[in-house]
Each structure stands twice: as C-alpha cells, then as structure tokens.
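Okay, here's what each chain looks like letter by letter:
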Amino acid sequence: MTTIPTIRLSSPADLIAVVPYLLGFHPESSLVATVLDTENRTVGGTVRFDLPSDQADAARLARHLTGILTRNMARQVMLIGYGTGAQVTPTIDAVTDALKAAGIEIVDASRADEGRYWSYTCTEAGCCPSEGVPYEPTASAAVATAVFAGFVARPDRAALADTLAPVEGPDRDRVNAATRAACARVRSLLDADHDWYHEGADLIAAALECAQAEQELDADDVAWLGVRLTAIFVRDAAMTFIGRYDQETHVRLWGQIARRVPPEFAAAPLSLLAFTSFGSGDGSLARVAIERALSIDPGYRLAHLISMALDHGLPPSITSEVNCADMAGEIEAQARRYPQGARPTLPEGW
C-alpha cells in the first residue's frame with residue numbers, strides 16, 4: 001500500500017485525477033482502492049491491481065483486497081476501475097459485496113475511461129449522466145499538491161519500470177571493467193584475514209554521503225559497492241543506515257547502483273531500493289524494483305520477503321522495526337561470528 005502527504009479532495013474527479021501521481025504512472029485496466037479520512041477530506045493509502053479476467057479471479061481479488069484493508073484498519077474507501085464497463089463492472093460488483101460484508105464503507109465507486117468517469121453509487125442524472133462526466137486532471141488542486149510534493153505520473157507502468165533499466169554505453173563498459181578488477185581483487189583476498197564487513201560498511205557510508213550531495217559515484221566505487229553487497233551481512237548493514245540518512249538519499253543511491261552494476265550484481269541494490277521505497281510509502285517503485293530483482297535472482301530471499309509484505313498490504317511502518325540502533329551491533333557481531341557471511345559471493349562467470 002502506498003502512503004502519501006496530505007492531499008485534500010473536493011470531488012471524485014479530484015481523486016481520479018490524482019491517482020496517477022500517487023501510483024507514479026497512469027493506470028490502465030486496473031482497480032485502485034484508496035483509503036479515505038472523510039472527516040478531514042484527505043487521502044490515505046492507495047493500492048492497485050490488474051483487472052481480473054473472469055468472475056472467479058474477481059472474487060479472489062475481492063477477498064484479497066478486503067484482507068489488505070482490514071489489516072490496515074481501513075474503514076472508508078473509494079474504488080476506481082480504469083477501463084471499459086465490461087472490464088470494470090464485474091470486479092466492482094465483487095469488491096463491493098466483499099467490502100460491505102466486512103463493514104468497510106465505500107464512499108464512492110467509479111469507472112474512468114478516456115477522460116470521463118461514471119459513478120456506480122450516484123443515481124442522479126444531473127450530476128452523473130449516462131455519457132459520463134468529463135474531468136480535467138491539470139485543473140485539480142489535488143494534482144497541484146501532488147506535483148508540488150515531487151510526485152510524477154509516468155505514461156504507464158512500463159515507463160516506471162524503465163527508470164530502473166540498466167545503464168548502457170560508455171558507463172556500462174567502465175563499470176563492467178571495474179567490476180572484473182574488483183572480482184579479481186576479491187579472489188586474491190579470500191584466503192586472507194580480511195575485514196570485509198567494516199570495509200563494506202565504510203564504503204556504504206561514503207556512497208550515501210555522495211548521494212546526499214547529489215553526486216554520482218565513479219565506476220570504481222560502483223563496482224566495489226556492487227561486489228561488496230553480494231555479502232549478506234554487508235547488504236544488511238546498508239539497511240541500518242536508513243535512520244541516518246533521509247529516504248530520498250537512499251532511493252537515489254540504490255537506484256543508481258541498481259542501474260549501473262552488471263545485472264548479475266543488481267539483486268541486492270534493487271532489494272535495498274525496494275525496502276527504502278516501501279518504507280517511504282512508494283509501493284509502486286518498490287514493486288517494480290522487486291520484480292526486476294527476482295527476474296535476476298528468483299531465489300533472492302530479501303526480495304521475496306519484501307514481495308510478501310507488498311502482496312499482503314503490510315503498512316510501511318513495519319520497516320521501522322529494523323531501523324533501530326541495536327541492529328548494526330547485532331549484524332556486526334554476526335559478521336565476527338560467521339565471517340564467511342561478510343565475504344563477497346561472486347556470480348558465476350565473474
């Protein structure tokens with residue numbers, strides 16, 4: 001579930017217009033549920049699903065969504081289906097029945113398609129005509145609030161995923177060469193008594209300082225960081241820095257590393273990006289990062305854990321449980337006890 005800064009609504013059209021900014025992309029063939037605080041007329045969390053292809057899948061989606069909203073103690077929601085009536089209506093019907101049975105109030109349910117919306121809850125022809133109500137996204141105060149807060153609506157979900165596409169060209173060549181040199185250096189030190197953990201943690205701290213200053217790392221630092229993050233304890237140490245730097249710094253760093261390292265090394269920075277994005281409430285970015293991580297390494301455990309949290313609609317606040325000061329000391333102690341867990345694990349061929 002995605003959480004956002006305070007955005008006030010004055011009409012259903014406001015929510016329809018602002019949803020692409022909450023998700024990070026314009027949804028197509030989708031069901032979006034948004035938790036509301038109607039007393040303060042504000043938007044809470046938002047969750048999106050692909051529209052199901054048949055009635056059985058619609059019933060499963062309805063049960064799943066009800067579970068998510070119940071776990072998040074939602075009491076009032078607005079539903080928006082994006083697509084044609086034939087695509088949207090069966091899903092809205094199934095979800096409406098499930099939410100009502102769970103005691104969750106549906107403040108409004110609507111369908112949006114090609115610049116118009118239709119309400120499933122309004123029966124007044126004066127305000128909700130059969131031909132739909134046109135809406136203009138750029139005229140919405142809610143959209144202005146989202147844009148001012150730095151939110152961007154990309155054309156579609158694929159465009160959001162493309163923001164994590166691997167960098168190509170000269171930088172790719174430089175980082176690949178530096179990664180091979182780093183791997184050779186690692187192999188020469190594997191039998192030595194080497195402090196992999198603290199060197200890795202120091203490298204992460206230096207990289208975060210660069211990211212905070214909005215500076216890009218050079219190829220050698222990207223390569224070394226990518227190689228060091230193949231060690232589980234070093235990767236876990238990166239999460240202990242979240243409370244010491246703002247979320248934007250972490251997202252900037254791990255997004256940069258994920259795009260620039262050779263794909264075989266990207267699962268760790270992608271998972272760190274997903275973890276920090278999830279913690280900051282950007283569920284859409286977390287989801288596309290995890291999908292890419294699992295496409296690279298289907299067995300990557302941290303990626304699976306974050307994926308499960310997203311699938312079950314767990315609140316971003318759960319990430320605070322691993323940001324306590326004691327975690328760094330525990331990981332360091334584990335690295336001393338099991339030094340092999342702090343050593344890089346090089347992918348085949350490197």
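Residues numbered from 1 in each chain as written. Predicted model: local features only at pLDDT ≥ 70, side-chain atom pairs only at ≥ 80, totals over all residues. Heavy atoms only, no water.

This next bit is on the overall build of the protein. The helix and strand tally for the protein stands at 14 helices and six strands. Over its C-alpha trace the protein gives a radius of gyration of 23 Å, about what one expects of a compact globule, namely 20 Å for 350 residues. Over its C-alpha atoms, taken along the principal directions, the protein stretches across nearly 80 × 40 × 35 Å. Across the 350 residues that make up the protein, the buried fraction comes to 50%. Here the contacts in the protein between residues at least 6 apart in sequence split such that 72% fall between residues at least 24 apart. Total accessible area on the protein is roughly 16,100 Å²; 52% of this is exposed by carbon and sulfur atoms. If you average the places of the 29 positive and of the 45 negative side-chain charges in the protein, the two averages end up 3 Å apart. (Helix = DSSP H or I, 4+ residues; strand = E, 2+ residues; numbered from the N terminus. Rg over C-alpha atoms; globule rule 2.2 N^0.38 Å. Buried < 20%, exposed > 50% of the residue type's maximum accessible area, 1.4 Å probe, protein only. Contact = heavy atoms within 4.5 Å. Areas by Shrake-Rupley, 256 points an atom, 1.4 Å probe, with all protein chains shown as cover. Lys, Arg positive; Asp, Glu negative; His and termini not counted. Charge placed at Lys NZ, Arg CZ, Asp CG, Glu CD.)

In this section: the confidence of the model for the protein. Here the protein shows a mean pLDDT of 88. Residues at 70 or above account for 92%. Within the protein, the lowest mean pLDDT, 74, falls on helix α4 (residues 141-148), and the highest, 97, falls on helix α8 (residues 219-228). (pLDDT = per-residue confidence, 0-100.)

Tallied over the entire structure, the rule returns two aromatic pairs. Ring geometry for tyrosine 117 versus tyrosine 135: centroids 6.3 Å apart, planes at 55°, classification tilted. One end of the pair, tyrosine 117, is in strand β5 (residues 116-119); the other, tyrosine 135, is in the loop between β6 (133-134) and α4, and 18 residues separate them in sequence. Taking 5.3 Å as the distance between ring centres and 80° as the angle between the ring planes, the aromatic pair formed by phenylalanine 265 and tryptophan 350 counts as edge-to-face. Residue phenylalanine 265 is found in the loop between α10 (247-260) and α11 (267-280), and its partner tryptophan 350 is found in the segment after α14 (326-337); the two are separated by 85 residues along the sequence. If you follow arginine 244 out to its NZ or CZ, it ends over the ring of phenylalanine 241, 4.1 Å from the centre. (Phe/Tyr/Trp six-rings, centres within 6.5 Å; stacked < 30°, edge-to-face > 60°. Lys NZ or Arg CZ within 6 Å of the ring centre and 35° of its normal.)

The buried count for strand β1 (residues 30-37) comes to seven of eight residues, which makes it a mostly enclosed element. Summarising the sheet, β1 and strand β3 (residues 76-82) pair through six bridges and their orientation is antiparallel. Paired with alanine 33 across the strands is leucine 79, a residue of β3. (Pairing = 2+ DSSP bridges.)

As a further point, take the pattern of salt bridges. For the structure shown, the criterion picks out 12 salt bridges. Here arginine 157 and glutamate 291 are joined by a salt bridge, their closest N and O atoms 2.9 Å apart. On the criterion of sequence distance, the pair formed by arginine 157 in helix α5 (residues 157-162) and glutamate 291 in helix α12 (residues 283-296) is long-range, its members being 134 residues apart. For arginine 252, the salt bridge identified is with glutamate 214, shortest N-O distance 3.9 Å. Residue arginine 252 is located in helix α10, and its partner glutamate 214 is located in the loop between α7 (196-212) and α8; the two are separated by 38 residues in the primary sequence. One connected set of salt bridges, linked through shared partners, spans Asp171, Arg174, Glu216 and Arg260. (Salt bridge = Lys/Arg side-chain N within 4 Å of Asp/Glu carboxyl O.)

On to the environment of valine 35, then. Inspection of the secondary structure puts valine 35 in strand β1. Looking at valine 35, the relative accessible area reads 14%, which means it is buried. Taking the C-alpha atoms as reference points, valine 35 and leucine 69, separated by 34 residues in sequence, lie 8.1 Å from one another.

Once that is clear, we can look at helix α1 (residues 12-23). Its 12 residues give α1 an end-to-end C-alpha distance of 17 Å, which sits within 8% of 16 Å, the value for a rise of 1.5 Å per residue. The buried fraction of α1 is high, at 11 of 12 residues. Taken together, the buried positions of α1 are occupied by Ala13, Asp14, Leu15, Ile16, Ala17, Val18, Val19, Pro20, Tyr21, Leu22 and Leu23. Of the residues flanking the end of α1, it is glycine 24, one or two places downstream, whose phi is positive at about 95°. (Expected span 1.5 Å × (residues − 1).)

Alternating residues of β5 divide into Tyr117 and Ser119, all buried, and Arg116 and Trp118, none buried. Examined bridge by bridge, strand β4 (residues 105-113) and β5 share four bridges and lie antiparallel to one another. In the strand pairing of β5, aspartate 113 is matched with arginine 116. Judged from the two bridges that link them, β5 and β6 form a sheet pairing that is antiparallel. Bridge pairing in β6 links arginine 116 to proline 134.

So, about helix α2 (residues 55-71). Between its first and last C-alpha, α2 extends 24 Å over 17 residues, near the 24 Å set by a 1.5 Å rise per residue. At the N-terminal end of α2, a side-chain oxygen is found 3.2 Å from the backbone nitrogen of alanine 56, two or three residues along, and the residue is aspartate 54. Residue methionine 73 follows α2 closely and has a positive phi angle near 55°. (Polar contact = N/O pair within 3.5 Å; in protein donor to acceptor, adjacent residues only side chain to side chain.)

Relative orientation of the contacting elements α7 and helix α9 (residues 232-239) amounts to 35°, with a least axis distance of 9 Å. α9 is crossed by α7, and the crossing has right-handed handedness. Contacts between α7 and α9 involve Trp196, Tyr197, Gly200 and Ile204 from the former and Phe233, Val234, Ala237 and Ala238 from the latter. Classifying every residue of the contact of α7 with α9 by side-chain character gives seven nonpolar, one polar and no charged. (Axes fitted to C-alpha atoms, helices over the stretch in contact; angles between N-to-C directions. Left-handed = near helix turned anticlockwise from the far one by under 90°. Nonpolar A, V, L, I, M, F, W, Y, C, P; charged D, E, K, R; others polar.)

Within the secondary structure, alanine 112 is located in strand β4. Along the backbone, alanine 112 and glycine 83 are 29 residues apart, and their C-alpha atoms lie at a distance of 6.4 Å. Apart from residues lying up to four places away in sequence, alanine 112 is in contact with Ile16, Ile80, Gly81, Tyr82, Gly83, Tyr117 and Tyr135.

With that settled, consider the nonpolar core. With 85 residues, the main nonpolar core has Ile204, Leu225, Leu229, Leu253, Trp254 and Ile257 as its most contacted residues. In terms of residue count, the dominant contributor to this core is α1 (nine residues). In terms of nonpolar packing, the next biggest core, distinct from the first, is built from 23 residues, Leu61, Val77, Leu79 and Ile92 among them. (Core = buried A, V, L, I, M, F, W, Y, C linked by side-chain atoms within 4.5 Å.)

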